[in-house]
Amino acid sequence: AHPAIESSLGPTLAVVFAVGLLASALASTSIGCAAGSEIMYGLLSMRTALAYSRNIPSVRLAAAVGHDDIADLASAAGIKGEVRNSPMVALGITEVTPLELTAAFATFATLGERAKPRYVLRVEDENGVILYRTQIQRERKIDPGLANVLTDMMTDVVTQGTGAAVRQAGFYGP
């Protein structure tokens with residue numbers, strides 16, 4: 001979404017959600033819909049498509065934006081591994097460690113500041129005296145406005161979309 005938002009294809013961009021085969025501009029494969037899912041949604045904003053896990057608009061947007069821009073955003077957010085040139089990347093499917101995934105989401109939540117993960121926060125002696133403390137190392141990697149828009153869009157997933165059960169279970173963080 002980052003390259004799309006920066007190029008004025010923002011979260012309200014309407015994308016035609018056509019069910020059937022989607023010939024990917026990123027690979028020579030096709031993406032089909034699951035059996036029994038022949039529901040037409042017409043035009044959806046990218047915000048709504050994300051909130052309700054409508055994946056075809058994301059795949060189409062990724063094809064329009066281009067793999068290199070998506071890979072650059074993933075890297076800026078903290079993904080260290082290869083982001084393969086595949087339609088699956090539009091759905092966030094790439095090999096990452098739990099630490100990379102956490103660091104990447106934290107980069108958006110901190111308005112674009114990526115913090116280097118720390119494995120040890122501090123070392124104390126038996127009396128609670130701090131013997132060693134690690135320093136937080138932060139670096140601005142993503143535009144704060146962009147990170148805010150993306151975080152707000154992802155918040156819609158749990159406030160009104162497919163993740164709404166999280167709120168019903170009592171979680172009210174961002």
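Residues numbered from 1 in each chain as written. Predicted model: local features only at pLDDT ≥ 70, side-chain atom pairs only at ≥ 80, totals over all residues. Heavy atoms only, no water.

**Considerations on unusual backbone geometry**
The phi torsion at Ser53 lies on the positive side, around 55°, for a residue other than glycine. Within the fold, Ser53 resides in the loop between helix H2 (46-51) and helix H3 (55-65). (Helix = DSSP H or I, 4+ residues; strand = E, 2+ residues; numbered from the N terminus.)

**Let's talk about the pattern of salt bridges**
Here the idea is simple: oppositely charged side chains can pair when their charged atoms come close. As enumerated under the stated definition, the model contains seven salt bridges in all. For the salt bridge of Arg47 with Asp152, the shortest nitrogen-to-oxygen distance reads 3.0 Å. Taken together, the residues span a long stretch of sequence, with Arg47 in helix H2 and Asp152 in helix H6 (residues 144-159) at a distance of 105 residues. A relative accessible area of 21% means that Arg47 is categorised as partly exposed. The partner of Glu95 in a salt bridge is Arg84, and the shortest N-O contact between them spans 3.4 Å. Of the two residues, Glu95 sits in the loop between helix H4 (67-77) and helix H5 (98-109) while Arg84 sits in the loop between H4 and H5, which places them 11 residues apart along the sequence. Among the charged side chains, a salt-bridge network with shared partners connects Arg47, Asp152 and Asp156. (Salt bridge = Lys/Arg side-chain N within 4 Å of Asp/Glu carboxyl O. Buried < 20%, exposed > 50% of the residue type's maximum accessible area, 1.4 Å probe, protein only.)

**What about the nonpolar core?**
Core analysis: the largest hydrophobic core is formed by 16 residues, its most contacted members being Ala77, Ile79, Val83, Phe108 and Ile142. Listed by contribution, the elements that provide at least two residues to this core are H4, H5 and H6. A per-element tally of this core places H4 first, with six residues. Sequence-distant contacts of Ile142, defined by excluding residues within four places in its chain, comprise Leu73, Ala76, Ala77, Thr107, Phe108, Leu111, Gly112 and Ala147. (Core = buried A, V, L, I, M, F, W, Y, C linked by side-chain atoms within 4.5 Å. Contact = heavy atoms within 4.5 Å.)

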